[in-house]
Amino acid sequence: MAKAKAEAPRTGKLARSAITGLAAARIGMAELSHRTRKRSAQAQAEHEAALGRILFGALGQLRGSALKVSQLLSMHPQLLPEGVRRELARAHHQAPPLNRALVGRVFRQAFGQEPEALFEHFEPTAFAAASLGQVHRAQLAGHGTVAVKVQYPGIAATIASDMQLMRAALRALAYTDLPLPTDTVMDSVMTEIEATLLREVDYLQEAEQLQWFAQHAARPGVMMAQPILSHTRAQVLTQQFVPGQPLQAWLATQPTQAQRDQAGQHLWDWFMHCIFVLGRVHADPHPGNFVFAPDGTVGVLDFGCTRSLSAGFRAQVRQAWSALLRPADDPQRHARVLQAYQALGLAGADMSLPTYRTDLAPVLAEMQAWQIEPFTEAVFDFGTKTPPPLTPPADQRMLGRHLQQVPSEMPAFERMWMGLMHLLTQLGARVHTRRAHWLAPAGANP
């Protein structure tokens, strides 16, 4: 953990506006410099990384919810270029802990007393830190070891302004040559992110989600904590301690292939059950939200970012993916995918099948193949999983002309799917992906 101590996020609108204003100016200067250089794939990659560093630098100064925005944006494969997303993803690993005085302030505001008065023992140094809060170990009578999540002071107050500032910074990217989605798509993603943040800073809401998932989503090999409501407030969440090691620490112990397969199978079965049976998912599956026990049991952490999926949305995703698993020469393949996209609102009701086949299908083919790849084999080796494809500028423009809107559930669903694929790929797990027939097997009627 970083030794630097975090201060409360800057809440002054003028100070925060100045940071993003400077970032926008630096983006403009970087673009001018890029246009004077010899064009090459390497130069483009360096340019994307430079712009990503500018954005991340601004978000890092803002702290607050801005770092969480950085995390969420980095998990949308078709939203921003790879070089930008890679820089924004650094927010997963950079979160200096709060100093002791600020921790005490949060407890006094929430409970009217210091943490030492509420717990038998409270470790003043956090053992985990993220963008919105940090986690301390404590001992609580009747519960043993507990995990106490403490929200950074003033975090909730920055959300609305952070989203305005982030939109302004992203608008500056529109004047570069980066392949970006349409304003409509970008606005829908940012609106969903803002709603996610508002839910995530309410720890009482997270406690409700913890209870719901522990009650309804219990599966073999998956651990979830119960909240301790007597010691939970909107800015402090106390829950059972979930033992285990973070992913990289667990992998450093050199688990066997069988252990990695077992952990991956637990994750796959749990997420498929949540998606297609329960209709409610953990929508922020980055590696820091999971711990691994020696026997392959997986602990799921941080339920501040969850998403309900309507029956209609799930049915259309199932129809589209099942159709894509049909043979390429199946005459119903494109028709069923188009029907699903029209029902989701992605494609207009007046789009003809020939237009879909000639304009949209070729542009979407790589991403569709990436999404359904795990279902193409009865046992899929995630050690061979392909990375999410990049969308060339010409293809992005084609999508902008034909895609009507993004369903409200889609950004969280895509972020969840990308996070799950990344997690299983890091595990290098071999998973029985069709064991419960989540989708119809290739060639069958869905």
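Residues numbered from 1 in each chain as written. Predicted model: local features only at pLDDT ≥ 70, side-chain atom pairs only at ≥ 80, totals over all residues. Heavy atoms only, no water.

Peer 1: For the overall build of the chain, give the residues involved together with the corresponding values.
Peer 2: In terms of regular secondary structure, the chain is built from 16 helices and 13 strands. When each of the 446 residues of the chain is scored for burial, the buried share is 54%. By sequence separation, contacts in the chain at least 24 residues apart represent 72% of the contacts at least 6 residues apart. (Helix = DSSP H or I, 4+ residues; strand = E, 2+ residues; numbered from the N terminus. Buried < 20%, exposed > 50% of the residue type's maximum accessible area, 1.4 Å probe, protein only. Contact = heavy atoms within 4.5 Å.)

Peer 1: With reference to specific residues and values, describe the sheet that holds strand β7 (residues 245–246).
Peer 2: Here we have four strands laid out as an open sheet, ordered β5-β10-β9-β7, and mixed in their pairing. For this open sheet the edge positions go to β5 (222–224) and β7, each flanked by a neighbour on one side alone. In the sheet, strand β9 (residues 290–292) pairs with strand β10 (residues 298–300) via three bridges, with the strands oriented antiparallel. Among the inter-strand pairings, phenylalanine 292 is bridged to a residue of β10, identified as valine 298. (Pairing = 2+ DSSP bridges.)

Peer 1: Any chance you could break down the environment of methionine 163 for me, citing the residues and the numbers?
Peer 2: Structurally, methionine 163 can be placed in helix α7 (residues 159–173). Under the relative-accessibility criterion, methionine 163 is labelled buried at 0%. Taking the C-alpha atoms as reference, methionine 163 lies 9.9 Å from leucine 197; in sequence the two are 34 residues apart. Not counting residues within four places of it along the chain, the set of residues in contact with methionine 163 comprises Val69, Met190, Ile193, Glu194 and Leu197.

Peer 1: Describe in detail the packing of helix α11 (residues 257–278) against helix α16 (residues 410–427), supporting the description with residues and values.
Peer 2: Contact geometry of α11 with α16 gives a least axis separation of 9 Å together with a crossing angle of 165°. As summarised for this structure, α11 and α16 are arranged roughly antiparallel, according to the angle between their axes. For the pair α11 and α16, the crossing hand works out as left-handed. Across the interface between the two elements, Arg260, Ala263, Gly264, Leu267, Trp268, Phe271, Met272 and Ile275 from α11 touch Phe413, Met416, Trp417, Leu420, Met421, Leu423, Leu424 and Leu427 from α16. Of the residues contributing to the contact of α11 with α16, the split by class is 14 nonpolar, one polar and one charged. (Axes fitted to C-alpha atoms, helices over the stretch in contact; angles between N-to-C directions. Parallel < 35°, antiparallel > 145°, perpendicular 65-115°, else oblique. Left-handed = near helix turned anticlockwise from the far one by under 90°. Nonpolar A, V, L, I, M, F, W, Y, C, P; charged D, E, K, R; others polar.)

Peer 1: An account of the nonpolar core is requested, with residue identities and associated values reported.
Peer 2: Note that soluble globular proteins tend to have their nonpolar side chains buried in a common cluster. Counting residues in hydrophobic clusters, the biggest one holds 69 residues, and the most contacted among them are Trp268, Trp270, Met272, Trp321 and Trp417. Per-element accounting of this core gives the leading share, 10 residues, to α16. For this core, the domains that each give at least three residues are domain 2 (100–151 + 202–231) and domain 3 (245–445). With residues up to four places along the chain from it excluded, the contact list for tryptophan 268 reads Pro374, Phe375, Phe382, Trp417, Leu420, Met421, Leu424, Val431, His432, Thr433 and Trp438. Core analysis: the next-biggest nonpolar cluster, separate from the first, contains 24 residues, Leu73, Leu88, Leu132 and Ile155 among them. (Core = buried A, V, L, I, M, F, W, Y, C linked by side-chain atoms within 4.5 Å. Domains from an automatic or database assignment.)

Peer 1: Give me the lowdown on the side chain of threonine 238, citing residues and values where you can.
Peer 2: Tracing the sequence through the fold places threonine 238 in strand β6 (residues 236–240). In this view, threonine 238 contacts Phe119, Val146, Ala147, Val148, Pro227, Ile228, His231 and Thr232; residues no more than four positions away in its chain are not counted.

Peer 1: Give me the lowdown on the environment of leucine 102, citing residues and values where you can.
Peer 2: For leucine 102, the position within the fold is in helix α5 (residues 100–111). Judged by its relative accessible area of 6%, leucine 102 is buried. Once the C-alpha coordinates of leucine 102 and glutamine 151 are considered, the two residues, 49 residues apart in sequence, prove to be 9.9 Å apart.

Peer 1: Please provide a residue-by-residue account of the packing of helix α9 (residues 203–216) against α11, values included.
Peer 2: Packing of α9 against α11 leaves a shortest axis separation of 12 Å and a crossing angle of 95°. Relative to α11, the element α9 is oriented roughly perpendicular. Contact residues: Trp212, Phe213 and His216 in α9; Trp270, His273, Cys274 and Leu278 in α11. Among the residues making up the contact of α9 with α11, the classes are represented as five nonpolar, two polar and no charged.

Peer 1: Give me the pattern of salt bridges: which residues, what numbers.
Peer 2: Counted according to the given criterion, the structure contains 10 salt bridges. One salt bridge in this structure joins arginine 415 and glutamate 192, with 3.2 Å as the shortest N-O distance. Here arginine 415 is found in helix α16, whereas its partner glutamate 192 is found in helix α8 (residues 183–200), with 223 residues between them in sequence. In this structure, arginine 415 and glutamate 192 share a single accessibility class: buried. The shortest N-O distance in the salt bridge between aspartate 330 and arginine 326 comes to 2.9 Å. For arginine 326, a relative accessible area of 7% gives the class buried. (Salt bridge = Lys/Arg side-chain N within 4 Å of Asp/Glu carboxyl O.)

Peer 1: Describe the packing of aromatic side chains, with residues and values.
Peer 2: Under the counting rule described, the total for this entry stands at 23 aromatic pairs. Ring geometry for phenylalanine 313 against phenylalanine 413: centres 5.5 Å apart, planes inclined by 75°, an arrangement best described as edge-to-face. On the criterion of sequence distance, the pair formed by phenylalanine 313 in helix α12 (residues 311–324) and phenylalanine 413 in helix α16 is long-range, its members being 100 residues apart. Under the relative-accessibility criterion, phenylalanine 313 is labelled buried at 2%. On the numbers, 4.8 Å between centres and 55° between planes, the contact of tryptophan 321 with tryptophan 417 is tilted. Highlighted residues: tryptophan 321 in helix α12 and tryptophan 417 in helix α16, separated in sequence by 96 residues. One exposure class covers both tryptophan 321 and tryptophan 417, and it is buried. Among the aromatic residues, those joined into a ring-pair cluster are Trp268, Phe313, Trp321, Phe375, Phe380, Phe382, Phe413 and Trp417. Its guanidinium or amino end placed over the ring of tyrosine 203, lysine 149 lies 4.9 Å from that ring's centre, counting from NZ or CZ. Above the face of the tryptophan 212 ring, arginine 280 is positioned so that its terminal group lies 3.9 Å from the ring centre. (Phe/Tyr/Trp six-rings, centres within 6.5 Å; stacked < 30°, edge-to-face > 60°. Lys NZ or Arg CZ within 6 Å of the ring centre and 35° of its normal.)

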